[in-house]
Amino acid sequence: MEFLDAEPFRIKAVEPIKKSTRKEREQWIKEADFNVFRLRADQVYIDMLTDSGTSAMSSTQWAGIMTGDESYAGSKSFFRLEKAIQELMGFPFIQPTHQGRAADFIMSQLYAKNGGYILGNMHFDSFKGHAEIAGSTPVDLIIEEGRTANSNPHPFKGNMDIEKLKDFIATHDTREIPLIIITVTCNGNGGQPVSMENIRTVASIAKAHNIPLMIDAARFAENCYFIKQREPGYADKSIKEIVLEMFSYAEGCVMSSKKDGLVNIGGFICTRDESLFAQINQLAIINEGFVTYGGMSGRDLEALAIGLEEGVNEEYLAYRIAQVAYLGNELSKRGIPIIQPVGGHGVYVDAQKFYPHIPQSEFPGQALVVELFKTGGVRGVELGSCAFSKKDPKTGEIIFPELELVRLTVSRRVYTNRHMDVVVNSLADVYQRRNEMKGLRITYQGPIISLRHFTAKFEPIID
Ligand SMILES: *Cc1c(COP(=O)(O)O)cnc(C)c1O
């Protein structure tokens, strides 16, 4: 086995990507107003903007694209997907949606309309937004080790803080807590896993207080692989057994299939409760489409059914998690400050440690993203003073986030480790020149500060 340590697939179709010169990239990033969201994708050599909807499908999935059944009602592909999810996750009732956020919306309509607090390890933005609009307050109760950029070696930095959860419940009327959500892996802090023990404990507390527990399952397979690797008692269980146990603790789940579903679009919401399912169906019909397609085409349902199966394959997961770890280890070896341990879907560079001389008001993370693109044609994304600043509601003053990060996300089955080497060498080159680097100033931003990073324009500060 130790001699077989390479990708568990061979490549059947290739998509050419374009190499470019530094001079070209300098021109392109200038035309894009120093915001990588404004680049054209064909100007990018290695795209590490996101792992969402960027997976490569297998030959079996492509075959499924041809056999997908496009019937409006009762599509054969829906029943295939339904069966796949029932067997994998153990939920009897499944409603497809066009993306994960549509499932989030439905969940918000079921649980968030009567105010109160929705507790989670760390809620994902799309649910948070829907819950707030519906009238509830999402509360993050992640453990302290999961909050900070320190390299505390905790194996499950996505865990919910059990003491904080108990305290919160003890100091509130449980009628004010309509729902608890555990996000696996925890996207908000870098794809950090949640342990089975933590999920089990949260579930028992939730049950004792009659509060439903849902799982936000976008990266459930990666989470289960970490459980197998790191949690006592799970080394000899199969990933499928771990998946089934994990979901057994929840009333239902929401899923963005653009991640561990190994497809480019789609999502779903599951429940065990038939009367709740009737409500879900109604919401899906008005917002998504008829219950057996929910905004997806038959071919996409078919590819997802196959992708879920491939996504829990142990050899695939070993390769996947090892590739992300490889990127993290190689960056670390070159002295580049990253968040440790690395999570399941990408590596987070600590841009403030990288550029200690650039203040947050001059966007060190964004400056690093821009220089990395110029250097290696690599597109990362800033998660720092541009993406996560807030405005003080009273003074209007900008409050910068605690962390200034650049995320390098690894798409599933898309790039080889030689591509990872390009990323490492490019970032190492920027690191050598870090003292000469300067920050940026914003020249345009949209009216909503929490969305400004998508469309902002910048210019370099030259003095
Ligand atoms: C991506 C994601 C979503 C939203 O899913 P979309 O398919 O992008 O709409 C929700 N929750 C988590 C944890 C995610 O990672």
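Remember, it's a predicted structure, so these values are computed and weren't measured experimentally.

All right, on to the nonpolar core then. One finds Met89, Phe220, Phe247 and Phe268 to be the most contacted residues of the largest nonpolar core, which totals 65 residues. Split by domain, the residues of this core number at least three in each of domain 1 (22–51 + 314–460) and domain 2 (59–311). Dropping the residues within four chain positions of it, Phe268 is found in contact with Ile85, Met89, Ile94, Gln95, Pro96, Thr97, Ala103, Cys253, Val254, Met255, Leu304 and Leu308. Formed by 48 residues, the second largest nonpolar core is a distinct cluster that contains Phe34, Val44, Val370 and Tyr431.

The local shell around the ligand holds 14 residues, among which Gln99, Gly100, Arg101, Ser256 and Lys259 are the closest. The contact in question runs from an oxygen atom of the ligand to an N or O atom on the side chain of Ser256, over 2.7 Å. In this structure, an oxygen atom belonging to the ligand sits 2.9 Å away from a side-chain N or O atom of Lys259. For the ligand, the protein covers 98% of the area, taking 380 Å² as the surface of the free molecule. It is helix H4 (residues 100–111) that provides the largest number of residues to the shell around the ligand, a total of three residues. Taken together, the residues of the shell around the ligand break down into two nonpolar, six polar and six charged.

Two elements in contact, helix H8 (residues 196–208) and helix H10 (residues 239–248), have axes whose closest approach is 9 Å; the angle formed by their N-to-C orientations is 25 degrees. By the angle class used here, H8 and H10 are roughly parallel. Of the two elements, H8 crosses H10, and the hand of that crossing is left-handed. Residue-level inspection shows Met196, Ile199 and Arg200 of H8 in contact with H10, the latter providing Ile242, Glu245 and Met246. Of the residues that constitute the contact of H8 with H10, the class distribution is four nonpolar, no polar and two charged.

Here we take up the pairing of strand E3 (residues 117–120). Relative to strand E4 (residues 137–140), E3 is paired through four bridges, and the arrangement is parallel. By the bridge assignment, Leu119 is partnered in E4 with Val139. Handedness of the crossover joining E3 and E4 through helix H5 (residues 125–134) is recorded here as right-handed.

With that settled, consider the pairing of strand E8 (residues 267–271). Note on strand geometry: in a regular strand, side chains alternate between the two faces of the sheet. Here E8 lies mainly inside the structure; five of its five residues are buried. Both strand E2 (residues 93–97) and E8 contribute to a ladder of five bridges, which runs antiparallel. Considered in E8, the bridge of Gln95 is made with Ile269. Taken together, the five bridges between strand E7 (residues 252–256) and E8 define a ladder with antiparallel strand orientation. Looking at the pairing, Ser256 lines up with Gly267 of E8.

Looking now at the pattern of salt bridges. For the structure on display, the rule yields 28 salt bridges. Among the salt bridges present, the one from Glu163 reaches Lys166, with a minimum N-O distance of 4.0 Å. Residue Glu163 and its partner Lys166 are both found in helix H7 (residues 162–170); the two are separated by three residues, about one turn of the helix. Each of Asp51, Arg219, Glu222, Asp260, Arg320 and Arg412 takes part in one network of salt bridges that share partners.

On the surface, Phe9, Ile11 and Val14 cluster together into a nonpolar patch covering about 310 Å² of accessible area. Position of Ile11 relative to the elements: it lies in the segment before helix H1 (22–31). Since its relative accessible area comes to 56%, Ile11 is described here as exposed.

Take helix H16 (residues 417–432) next. Across its 16 residues, H16 extends 22 Å between first and last C-alpha, which sits within 8% of the 22 Å expected from 1.5 Å per residue. Of the positions making up H16, those classed as buried are His419, Met420, Val423, Val424, Ser426, Leu427, Ala428, Val430 and Tyr431.

Right, let's talk about the sheet that holds strand E11 (residues 381–383) for a bit. The strands making up a sheet are joined through hydrogen bonds of the backbone, oriented either antiparallel or parallel. Across the sheet, which stays open at both edges, the three strands sit in the order E9-E14-E11 with antiparallel pairing between neighbours. The open sheet terminates on both sides in strands that have one partner only, identified here as strand E9 (346–350) and E11. Averaged over all neighbouring strand pairs, the angle between strand axes comes to 30 degrees, with direction disregarded. Sheet topology places E9 next to strand E14 (residues 405–409); five bridges connect them, and they run antiparallel. Within E14, the position partnered with Tyr348 by the bridge is Arg407. Against the sheet, helix H13 (residues 314–333) makes contact with E9 and E14, and its axis sits at roughly 25 degrees relative to E9, the strand it touches most.

A separate point is the side chain of Arg219. Within the element layout of this structure, Arg219 appears in the loop between strand E6 (213–216) and helix H9 (220–230). Other than its neighbours up to four places away in sequence, Arg219 contacts Asp51, Val184, Thr185, Asn187, Lys259, Asp260, His345 and Arg412.

Below, the discussion takes up helix H3 (residues 76–89). Between its first and last C-alpha, H3 extends 20 Å over 14 residues, near the 20 Å set by a 1.5 Å rise per residue. Taken together, the buried positions of H3 are Ser77, Phe78, Leu81, Ala84, Ile85, Leu88 and Met89. Viewed along the axis of H3, the buried residues span an arc of 130 degrees, placing them on a single side of the element. Exposed and facing more than 90 degrees away from the buried side of H3 are Lys76, Lys83 and Glu87.

The rules we used
Residues numbered from 1 in each chain as written. Predicted model: local features only at pLDDT ≥ 70, side-chain atom pairs only at ≥ 80, totals over all residues. Heavy atoms only, no water. Core = buried A, V, L, I, M, F, W, Y, C linked by side-chain atoms within 4.5 Å. Buried < 20%, exposed > 50% of the residue type's maximum accessible area, 1.4 Å probe, protein only. Domains from an automatic or database assignment. Contact = heavy atoms within 4.5 Å. Near = heavy atom within 4 Å. Polar contact = N/O pair within 3.5 Å; in protein donor to acceptor, adjacent residues only side chain to side chain. Areas by Shrake-Rupley, 256 points an atom, 1.4 Å probe, with all protein chains shown as cover. Helix = DSSP H or I, 4+ residues; strand = E, 2+ residues; numbered from the N terminus. Nonpolar A, V, L, I, M, F, W, Y, C, P; charged D, E, K, R; others polar. Axes fitted to C-alpha atoms, helices over the stretch in contact; angles between N-to-C directions. Parallel < 35°, antiparallel > 145°, perpendicular 65-115°, else oblique. Left-handed = near helix turned anticlockwise from the far one by under 90°. Pairing = 2+ DSSP bridges. Right-handed = clockwise from strand over helix to strand, strands pointing away. Salt bridge = Lys/Arg side-chain N within 4 Å of Asp/Glu carboxyl O. Patch = residues over 30% accessible without salt bridge, like charges linked within 9 Å, V, L, I, M, F, W, Y side chains within 5 Å. Expected span 1.5 Å × (residues − 1). Arc of directions from axis to C-beta.

Coordinates in, geometry out; function isn't part of it.
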